[in-house]
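# Breakdown of the fold
Residue-level listing of the chains:
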Amino acid sequence: MHRAMLIAIGYDDTTTAVAAMEEAERLSQDLVLEPDALAAIIRNESGKFKVITNHHAVGGGTAYGMFWGLLFGMLFFVPVFGMAVGAGLGALMGKVAKTGIDKDFENRVRDMMQPGTSALFMILERATPDRAVEAMSRFGGTVLQTSLSKDAEAELQEALHGENAAAAAQQ
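Residues numbered from 1 in each chain as written. Predicted model: local features only at pLDDT ≥ 70, side-chain atom pairs only at ≥ 80, totals over all residues. Heavy atoms only, no water.

### Here we look at the overall build of the protein chain
Threshold: Secondary structure elements are taken from DSSP: a helix is a run of H or I of four residues or more, a strand is a run of E of two residues or more, and numbering for both begins at the N terminus. In this scheme, a residue with accessible area under 20% of its type's maximum is buried, one over 50% is exposed, and one in between is partly exposed, where area comes from a 1.4 Å probe on protein chains only. We call two residues contacting when some pair of their heavy atoms lies within 4.5 Å.
Within the protein chain, the regular secondary structure consists of eight helices and six strands. Starting at the N terminus and walking to the C terminus, you meet the elements of the protein chain as β-α-α-β-β-β-α-α-α-β-α-β-α-α. Per-residue burial for the protein chain yields a buried fraction of 49% across its 171 residues. Here the contacts in the protein chain between residues at least 6 apart in sequence split such that 75% fall between residues at least 24 apart.

Pasting the structure below:
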């Protein structure tokens, strides 16, 4: 069992991340990744962020939608989706903050996301990161990746999918 990996691929324009996300969705069967575990973030020339997951704005209440909202909120210090953090979301935010996402990874992602850029984010739970990166290589970009610790992965699975998924992640 591979550890869950968080991969960010940064691009020097505002359009490539969306094209790369469409390709990753198309390849999701081959790469063994869940389409929900993909997000593109675009930072326009004026510095505003726009997040796209599966061609719809995040905030529909899906577990990964909440995860992406909280992750990007934590990374970029902005309430990306205008999501009010209630008690349940506050608890999930605490889990995301404690997932052991490498501080160096966070800083490198922030540095990479300058105005006029975009990035594709993928969470790979069962895929080999090298295969996913290779499949996406035709788009170019700067690849950053970090693994989630076993405990963090279990907590995240529990928060996203419930108790049974957390138990499966421990196997």
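Still more to cover.
### Here's the deal with helix α6 (residues 129–136)
An α-helix turns once per 3.6 residues; consequently, residues spaced three or four apart project the same way. For clarity, the threshold we go by: Here the arc refers to the directions that run from the helix axis out to each C-beta atom.
Among the residues making up α6, those that are buried are Pro-129, Ala-132 and Met-136. For α6, the angular spread of buried residues about the axis comes to 65°, placing them on one side. Every exposed residue of α6 that faces more than 90 degrees away from the buried side is listed here: Asp-130 and Glu-134.

### So, the environment of Phe-121
Structurally, Phe-121 is set in strand β5 (residues 117–124). Distance in space between the C-alpha atoms of Phe-121 and Leu-38 is 5.7 Å, their sequence separation being 83 residues. When neighbours within four sequence positions are excluded, Phe-121 is seen to be in contact with Leu-6, Ile-7, Ala-8, Ala-37, Leu-38, Ala-39, Ile-41, Trp-68, Phe-72, Leu-75 and Val-109.

### A short note on the side chain of Thr-117
For Thr-117, the location among the structural elements is in strand β5. The class of Thr-117 is buried, set by a relative accessible area of 8%. With residues near it in sequence (within four places) discarded, Thr-117 still touches Tyr-11, Asp-12, Asp-13, Thr-14, Ile-41, Ile-42, Arg-43 and Met-112.

### Observations concerning the pattern of salt bridges
Note the threshold: Salt bridge, as applied in this entry: a Lys or Arg side-chain nitrogen positioned within 4 Å of an Asp or Glu carboxyl oxygen.
Summed over all chains, the structure comprises five salt bridges. In this structure, Glu-23 and Arg-26 form a salt bridge, with 2.9 Å as the shortest nitrogen-oxygen distance. Pair noted here: Glu-23 and Arg-26 are both in helix α1 (residues 16–26), with a separation of three residues, about one helical turn. Glu-23 sits in the buried class, given a relative accessible area of 10%. Between Glu-106 and Arg-110 there is a salt bridge, with its nearest N and O atoms 3.2 Å apart. You can see Glu-106 and its partner Arg-110 sitting in helix α5 (residues 103–112), four residues apart, about one turn around the helix. Note on Glu-106: relative accessible area 4%, which makes it buried. Of the residues examined, Arg-110 reaches a relative accessible area of 21% and is grouped as partly exposed. When salt bridges that share partners are traced, they join Glu-23, Arg-26 and Arg-138 into one network.

### Focus on the confidence of the model for the protein chain
Our working definition: The quantity called pLDDT is the predictor's confidence in a given residue, expressed from 0 to 100.
Residues at a pLDDT of 70 or more form 58% of the protein chain, whose mean pLDDT is 73. Residue range residues 55–61 is modelled with pLDDT below 50. Its contacts to residues more than four positions away, or to other chains, number eight contacts. Note that residues 80–87 has pLDDT below 50 and, in this model, 15 contacts with residues that lie over four places away or in other chains.

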